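# Overview (structure and organization)
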Amino acid sequence: QVQLVESGGGLVQAGGSLRLSCAASGSIFSINAMGWYRQAPGKQRELVAAITSGGSTNYADNMQGRFVISRDNAKNTVYLQMNSLKPEDTAVYYCHAARVVVAGGTWYDYWGQGTQVTVSS
């Protein structure tokens, strides 16, 4: 059983910063990529940023420069530093772990339960 536990969401004023964390736990041998998605009310879930085990990153076009993703492979933890937040960044942020190899050699994708980020104007 693998779990992703997110933390760090909350309420912040426009222009402020938040740091999200997501720790994966369980019988994990390796995780290919970890990332963050977000879903605002009435909108589809969208990619925010992702990072591979080798450190390669991918950002949504409108978030690069304000958001920074990082990862601690030893702790199976991914972070998202969000700066210069805008009201339109308000959403539920979900952690995602791709190609998690578990006991037995099989792999799965996992999602966290989501953490609310609210940016007030």
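The structure presented is a predicted model; accordingly, all values stated were derived computationally and were not measured. (Residues numbered from 1 in each chain as written. Predicted model: local features only at pLDDT ≥ 70, side-chain atom pairs only at ≥ 80, totals over all residues. Heavy atoms only, no water.)

### Quick word on the pattern of salt bridges
Going through the model one piece at a time under the given rule, you end up with three salt bridges. Of the charged contacts in the structure, one is a salt bridge between Glu-46 and Arg-38, with a shortest N-O distance of 2.8 Å. Taking the shortest distance from any N to any O, the salt bridge between Asp-89 and Arg-38 comes out at 2.9 Å. Of the two residues, Asp-89 sits in the loop between β8 (77-82) and β9 (91-102) while Arg-38 sits in strand β4 (residues 28-39), which places them 51 residues apart along the sequence. Classification of Asp-89 by relative accessible area gives buried; the value is 1%. Here the salt bridges share partners, and the residues they tie into one network are Arg-38, Glu-46, Arg-66 and Asp-89. (Salt bridge = Lys/Arg side-chain N within 4 Å of Asp/Glu carboxyl O. Helix = DSSP H or I, 4+ residues; strand = E, 2+ residues; numbered from the N terminus. Buried < 20%, exposed > 50% of the residue type's maximum accessible area, 1.4 Å probe, protein only.)

### So, the pairing of β9
For β9, the buried fraction is high: nine of the 12 residues fall into the buried class. Adjacent in sequence and paired antiparallel, β9 and strand β10 (residues 107-111) are bridged by four residues, among which Gly-104 carries a positive phi angle near 100 degrees. (Pairing = 2+ DSSP bridges.)

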